[in-house]
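Coordinate inspection notes
Here is what each chain is made of, one letter per residue.
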Number of protein chains: 2
Amino acid sequence: MSEVEKKLKEFAEYLKKINHYTTAGNLMYWDMTTGMPEAMAESRAETLSFFQTEVHSLNVSPKIAEFIEFFESHMGEFDYIHKRMTEQLKKKYENQKRYPEEFIKEFSLAASRGEVAWEKAKNASDFDVFKPALEKIVDLTKKSIEYKGYEDNKYDALLDDYEAGLTVNKLDKVFGELRDGIVEILNKIKVTGKTIDDSFFHNHFPKSEQESLSLKILDLMGFDFKRGRMDETEHPYTLDMTNKDVRITNHYYENDFTSALFSAIHEGGHALYEQDIPDLLEGTGLNVASSMAVHESQSRFYENIIGKSREFSNYLYKEAIKQFNEQFDGVSEEEFYKALNKVTPSLIRTEADELTYSLHIIIRYEIEKLLINDIIEVKDLPKVWNKKYKEYLGVEPTSDKEGVLQDVHWSDGSFGYFPSYALGNLYGAQMLHKMTKDVPGIYEEIGKGNLQPVHKWLKENVHEYANLYDPSNLIKKITGEELQAKYFLQYLDNKYKAIYNY
Amino acid sequence: MSEVEKKLKEFAEYLKKINHYTTAGNLMYWDMTTGMPEAMAESRAETLSFFQTEVHSLNVSPKIAEFIEFFESHMGEFDYIHKRMTEQLKKKYENQKRYPEEFIKEFSLAASRGEVAWEKAKNASDFDVFKPALEKIVDLTKKSIEYKGYEDNKYDALLDDYEAGLTVNKLDKVFGELRDGIVEILNKIKVTGKTIDDSFFHNHFPKSEQESLSLKILDLMGFDFKRGRMDETEHPYTLDMTNKDVRITNHYYENDFTSALFSAIHEGGHALYEQDIPDLLEGTGLNVASSMAVHESQSRFYENIIGKSREFSNYLYKEAIKQFNEQFDGVSEEEFYKALNKVTPSLIRTEADELTYSLHIIIRYEIEKLLINDIIEVKDLPKVWNKKYKEYLGVEPTSDKEGVLQDVHWSDGSFGYFPSYALGNLYGAQMLHKMTKDVPGIYEEIGKGNLQPVHKWLKENVHEYANLYDPSNLIKKITGEELQAKYFLQYLDNKYKAIYNY
Ligand SMILES: [Zn+2]
Ligand SMILES: [Zn+2]
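These numbers come from a predicted model, not from an experiment. (Residues numbered from 1 in each chain as written. Chains lettered and ligands numbered in written order. Predicted model: local features only at pLDDT ≥ 70, side-chain atom pairs only at ≥ 80, totals over all residues. Heavy atoms only, no water.)

**A word on the UniProt feature "active site" (unreviewed entry) in chain A**
Residue and element names in this part refer to chain A. Operational definition: UniProt positions are given in the numbering used here, feature names are shortened, and annotations may be inferred rather than shown by experiment. A run of H or I in DSSP counts as a helix once it spans at least four residues, and a run of E counts as a strand once it spans at least two, with each numbered from the N terminus. In this scheme, a residue with accessible area under 20% of its type's maximum is buried, one over 50% is exposed, and one in between is partly exposed, where area comes from a 1.4 Å probe on protein chains only. Any two residues whose heavy atoms approach within 4.5 Å at even a single point are treated as in contact.
Here, UniProt's "active site" (unreviewed entry) annotation points to Glu267. Counting through the fold element by element, glutamate 267 comes out in helix H10 (residues 258–276). Judged by its relative accessible area of 8%, glutamate 267 is buried. Residues in contact with glutamate 267, not counting those within four places in the same chain, are Pro236, Tyr237, Thr238, Ile248 and Thr249.

**With respect to the packing of helix H6 (residues 127–148) of chain B against helix H7 (residues 154–162) of chain B**
Residue and element names in this part refer to chain B. Threshold: The angle between two axes is taken between their N-to-C directions and runs from 0 to 180 degrees, where each axis is a line fitted to C-alpha atoms and a helix contributes only its stretch in contact. By the definition adopted for this analysis, an angle is roughly parallel if under 35 degrees, roughly antiparallel if over 145, roughly perpendicular if from 65 to 115, and oblique otherwise. Polar here means any residue other than Ala, Val, Leu, Ile, Met, Phe, Trp, Tyr, Cys and Pro, which are nonpolar, and Asp, Glu, Lys and Arg, which are charged; Gly is therefore polar.
H7 packs onto H6 with a crossing angle of 85° between their chain directions and a minimal axis gap of 9 Å. Between H6 and H7, the interaxial angle falls into the category roughly perpendicular. In this structure, H6 contributes Thr141, Ser144, Ile145 and Lys148 to the contact, and H7 contributes Lys154, Ala157, Leu158, Asp160 and Asp161. A per-class count over the contact of H6 with H7 returns three nonpolar, two polar and four charged.

**Some points on the sheet that holds strand E3 (residues 245–250) of chain B**
Where strands meet in a sheet, backbone hydrogen bonds hold them as pairs that are either parallel or antiparallel. Residue and element names in this part refer to chain B. We apply this condition: When DSSP finds at least two bridges between two strands, those strands are taken to pair.
An order of E1-E3-E2 is seen for the three strands of this open sheet, with the pairing classed as mixed. Bordering the open sheet on either side are strand E1 (228–232) and strand E2 (238–242), each of which pairs with just one other strand. Direction aside, neighbouring strands of the sheet carry axes that sit 20° apart on average. Pairing of E1 with E3 involves five bridges; the strand directions are parallel. Across the sheet, glycine 228 pairs through a bridge with valine 246, a residue of E3. Its contacts with the sheet put helix H9 (residues 207–221) on E1 and E3, and the angle it makes with E1 is roughly 155°.

**Quick look at the relation of the copies chain B and chain A**
Put simply, the rule is: Here the copies are matched by least squares. The fit uses the C-alpha atoms of residues with pLDDT of at least 70 in both.
With an RMSD of 0.0 Å, chain B superimposes on chain A once it is rotated by 180° and translated 0.0 Å along the axis. Considering both components of the superposition, the chain copies are consistent with a two-fold axis. Proximity to the rotation axis, assessed at the C-alpha, singles out alanine 24 of chain B in chain B; its C-alpha lies 3.2 Å from the axis. A high fraction, 100%, of the interface residues of chain B reappear at the interface in chain A, so the copies pair face to face through one surface.

**Describing the pattern of salt bridges**
All names here are of chain A. The line we're drawing: Here, a salt bridge means any Lys or Arg side-chain nitrogen found within 4 Å of an Asp or Glu carboxyl oxygen.
Tallying each qualifying case throughout the model produces 82 salt bridges over all chains. Residues lysine 244 and glutamate 282 are paired through a salt bridge, measuring 3.5 Å at the closest nitrogen-oxygen approach. Taken together, the residues lysine 244 in the loop between strand E2 (238–242) and strand E3 (245–250) and glutamate 282 in the loop between H10 and helix H11 (292–306) connect sequence positions 38 residues apart. Residues joined by salt bridges that share partners form a network here, namely Lys7, Glu10, Lys63 and Glu66.

**Brief notes about the coordination of the zinc ion (ligand 1)**
Reference geometry at the metal: tetrahedral coordination by four donors gives ideal angles of 109.5 degrees; octahedral coordination by six donors gives 90 or 180 degrees. Residues and elements named next belong to chain A. Heads up, the condition is: Distances define the donors: N, O and S atoms within 2.8 Å of the metal qualify, as do those within 3.2 Å of Na, K or Ca. Water is excluded, so some sites may look unfinished. Geometry is assigned from the angles between donors: four donors with all angles from 85 to 135 degrees make a tetrahedral site, four or six donors whose opposite pairs exceed 155 degrees while the rest stay between 65 and 115 make square planar or octahedral sites respectively, and everything else is labelled irregular.
The zinc ion (ligand 1) binds to the protein through His266 (NE2), His270 (NE2), Glu296 (OE) and Glu296 (OE), with metal-donor distances spanning 2.1 to 2.7 Å. Here the zinc ion (ligand 1) binds four donor atoms, and the angle range of 50 to 128° at the metal identifies the geometry as irregular. Motif for the zinc ion (ligand 1), donor spacing along one chain: H-x3-H-x25-E. With a gap of four residues between them, histidine 266 and histidine 270 both fall in helix H10, about one helical turn apart. Under the relative-accessibility criterion, histidine 270 is labelled buried at 9%.

**Quick notes on the UniProt feature "binding site: Zn(2+)" (unreviewed entry) in chain A**
Residues and elements named next belong to chain A. To keep it simple, the criterion reads: Under this definition, polar contacts are N or O atom pairs within 3.5 Å; protein pairs additionally need one hydrogen-donor-capable and one acceptor-capable atom, and for neighbouring residues in sequence, both atoms have to be side-chain atoms.
Under the feature "binding site: Zn(2+)" (unreviewed entry), the UniProt entry names His266, His270 and Glu296. In summary, the annotated positions, though distributed over 31 residues, converge in three dimensions, the widest C-alpha pair being only 8.7 Å. For histidine 266, a relative accessible area of 10% corresponds to the buried category. Sequence-distant contacts of histidine 266, that is, excluding residues within four places in its chain, are made with Glu296, Ser299, Arg300 and Glu303. Aside from chain neighbours lying at most four places away, what touches histidine 270 is Thr238, His295, Glu296 and Ser299. Within polar-contact distance, the side chain of histidine 270 engages the side chain of histidine 266 at 3.2 Å.

What follows is the structure, given as structure tokens:
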């Protein structure tokens, strides 16, 4: 074994050690959210925090610096994978090393206090309860930007954490186009004056039947139950321990046909990505997704582009009738499809339809930019929030709970994360454009409930690349073009034109 | 804070660190046995083994030696708890330090190979498949005795691992008396020629209904669902992460009314012990059970002494009729009680009735003694096994599977463990004798389904002492006497005399 091979093996062993901690931590988190006895809460939080600290020290240890130095001095002998491995290792290491230990502790404390304060404030629907904690978090976030540095816009430093290389400059263009395009479609829909009835989705659907339908659709998607499972939780999420254990969680509302089903499809999209990460990237640290936005592109692709397509809707309609006969009494295939795609500008992001969803994100993006660049202050948030909702969506919150307090993200300092959701829509539509060229008959198959061609295409074009490319390079590699809003806008226009006849 | 207080705090922190690893390890084990995706198996085994190694190094680290030295030099200032803490810490440390690292690894490897070989052999019902692996384990076990040392009998060294201070000398007397007493009762029953019908227990009992009955009885026992839960597994066990998270597992057979129910009651007995361990012993290492046998006394107390008593049987009968009306059509209270207590000498330990169960254990004890003292060899095991079953129980295995291969215990080197099961019966009956004196009307309450007085007595007399006393001292403290077989034999005689009218 050469010196390089030896070092690579040593590095893989080191990553394995880190992995022991992270998988154990992930399992503990999963357990915490899927039925852990409540008396265990405090002790579990301590153990989780202990493990996080261990992982952090392993990630910033002198051992890592040693690996980086060695690898950099052997770059000439490396293939693309090991070059990328070295770059990513260095980036992550420097990113974590940049912050003093004291700052990390302070931030983590502020974040956990923030979550508590947010929960309290949301329950009381009173922003003032959250304000002091949020001010602290915003201060620390601004401080973190100083540690990290930036070129043009302070907010760039935050964007880069979630989407490598993304800047305000680029995003302003893309989101500007997206916002104008969506508002235009929304106006066209308004002008038609048409309303869609989706009341039949609110009949009674027993939980166990919803669960078995979700499992059936996951199976159809290609979710591998030997490498994953689905459990019940409060707020659905997907947890990947490794590509061999990917856990979906779901939540059931018995008066809602679509909620759990489309949560399952959404999380299933995330899960397929993780299950498809190739084993051969183990030991390089590249066996993760390219970015949060690319991850979200996969979940939203399945949830909306596939899940709410006319073809899949028709398939779903048949399944729904099979499982819930009388609940859909007198409902036609066409009515079912339209109800799935009903557009209603609303206050709550997580309940938004496919068209208006991105506007919720753009509002948050614009507000975060203002806040981070000191143009507004924390105390201005409710006012600014409500104004933007009025302006873009034509609705205005009457309480903080259904306004500025609805999302958890700010409470733990995840500024810069929100754009990922809307970017996911753009990535997805741009991928769709290429996919339908590569596999012309794909929608026919979807109509038959055959999702294998979709999975195969995403697996080969997205999933198997894991973190071999930054997202901007990945989308170029897949589609030959930079990310742009036009594919998503075209897709939306085609879809809603047919539904609303504008 | 005095120097001593400071060191005690430091020690408590150190134990907490170990506890982070053990609770995470326990959760991973629980997950592995309650639905972990199968593709995760290999990786999970590696993580578990990594954590075990970490725990071992923490347990034998120089830091521990330092704590011991400090505490020993301050024994004069210590109360009973901290003296006991120091003694137990030293005992555990020396016990683990005694074996060279290499030996521990070799043993652990042999044990995991042993389990694999045993499973294979059991499936093939062929002892020869297990023989080489078992020979290795027996060799290493004998070697471990040399490391540990002993006074009279080699087997003493193994007994002490599970029951501090127990010796062959003591156990031969107790088990001799127990064996003769049971055989005598068994013969009296045989002479009556009576047979009991329990066929109605083998009607169809849907799993979900069995589960809800098990949950109901656990609730009755005082199992705290805020500090625990019950899940499904292959072989039921109880796992305690801390006194705040104690997990029972169960397995359902739809053609068997008693299996899951009495598993739940048995595991519930273990779980109450763990849930009742006082918080104040945290940070001392004494917040564990006194011994395996005392643990087993609690589970078997609930399973047999309470669970199969006439009073509780009558209560259970009513509940069973409520939940499974037609399955018990025409069955009387009396028939139900007798069926619960039907005596049938049989081949399989885990299916044995309350009377003959201890004979299964005594057979294993006698065989282990012979093996460890070089009187028989591994190759002789099937023959010796079958001979003893014929002699004590009057039944003879026709295959290794229902004979010498039935238990997992030898495959991982747990020699010396089996006696705990029978000792549990003796502890339990001796406790019962005292309990009925302390709380004269207790059986009346049990008949009403009120198990609170039982729980209260066990909590105050057993559970809350945790590991403050060695088992031999604990039983003296509780009952004023050393452990003896007579209480259990009297209890059995009274019970079966009434049932079989001998
Ligand atoms: Zn998502
Ligand atoms: Zn037990």
